[in-house]
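# Residue-level structural notes
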Amino acid sequence: QVHLVESGGGLVQAGGSLRLSCAASGRTFSSYVMGWFRQAPGKEREFVSATSWSGGITHYAVSVKGRFTISRDSAKNTVYLQMNSLKPEDTAVYYCAARKEDIVSSSQTQYDYWGQGTQVTVSS
């Protein structure tokens, strides 16, 4: 069992930066694929980024590639999402997710555990 808690969301102006954190409990965190998803008002939840257990493989949605960076610190059981050059369309609730199988995926149905989410609001 893995318990995930996101933090770091908030209100930022367009062009600004935020770093989201996802703290995980569970002894096998280091073997899990970790992902970030987001859900904007009135829209379905969508993939943002994911990383393999080693951090050596990362995937990004086209909309965030070059602006967002995912990383993980297995010693701290934490995964991060550094978000730069934020745009109003990045406004959403951001969710952290964990997948037991060590295959990086952009499909939310492939993830086994989810956090409660953290709100990110980007003003224009």
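I will try to describe carefully the structure that is included in this document. (Residues numbered from 1 in each chain as written. Predicted model: local features only at pLDDT ≥ 70, side-chain atom pairs only at ≥ 80, totals over all residues. Heavy atoms only, no water.)

### Topic: the nonpolar core
For clarity, the threshold we go by: Residues enter a nonpolar core if they are buried and are Ala, Val, Leu, Ile, Met, Phe, Trp, Tyr or Cys, with the set joined through side-chain atoms within 4.5 Å. Exposure categories follow from relative accessible area, calculated using a 1.4 Å probe and restricted to protein chains: below 20% of the type maximum is buried, above 50% is exposed, and the middle band is partly exposed. Put simply, DSSP marks the helices as runs of H or I at least four residues long and the strands as runs of E at least two long, and each gets a number from the N terminus on. Whether two residues are in contact is decided by their heavy atoms: any pair within 4.5 Å suffices.
By size, the foremost hydrophobic cluster in this structure holds 34 residues, and its most contacted members are Leu-4, Met-34, Trp-36, Phe-68, Leu-81, Met-83 and Tyr-94. Mapped by element, the contributors of at least two residues to this core are β3 (18-25), β4 (33-39), β5 (46-51), β7 (68-73), β8 (78-83), β9 (92-99) and β11 (118-123). Top element by residues in this core is β9. It accounts for 5 residues. Discounting residues that sit within four places of it in the chain, Phe-68 has contacts with Arg-38, Val-48, Tyr-60, Leu-81, Gln-82, Met-83, Asn-84, Leu-86, Asp-90 and Tyr-94.

### A few points about the pattern of salt bridges
The condition is simple: Just to be clear on terms, a salt bridge is a Lys or Arg side-chain nitrogen sitting within 4 Å of an Asp or Glu carboxyl oxygen.
Here the structure, examined in full by the defined rule, presents 4 salt bridges. Arg-38 is the salt-bridge partner of Asp-90, the closest N and O atoms lying 2.9 Å from each other. Taken together, the residues span a long stretch of sequence, with Asp-90 in the loop between β8 and β9 and Arg-38 in strand β4 at a distance of 52 residues. Note on Arg-38: relative accessible area 6%, which makes it buried. Across the pair Arg-99 and Glu-101 runs a salt bridge whose closest N-O atoms are separated by 3.2 Å. For Arg-99, a relative accessible area of 6% puts it in the buried group. Through salt bridges with shared partners, a single ionic network connects Arg-38, Glu-46, Arg-67 and Asp-90.

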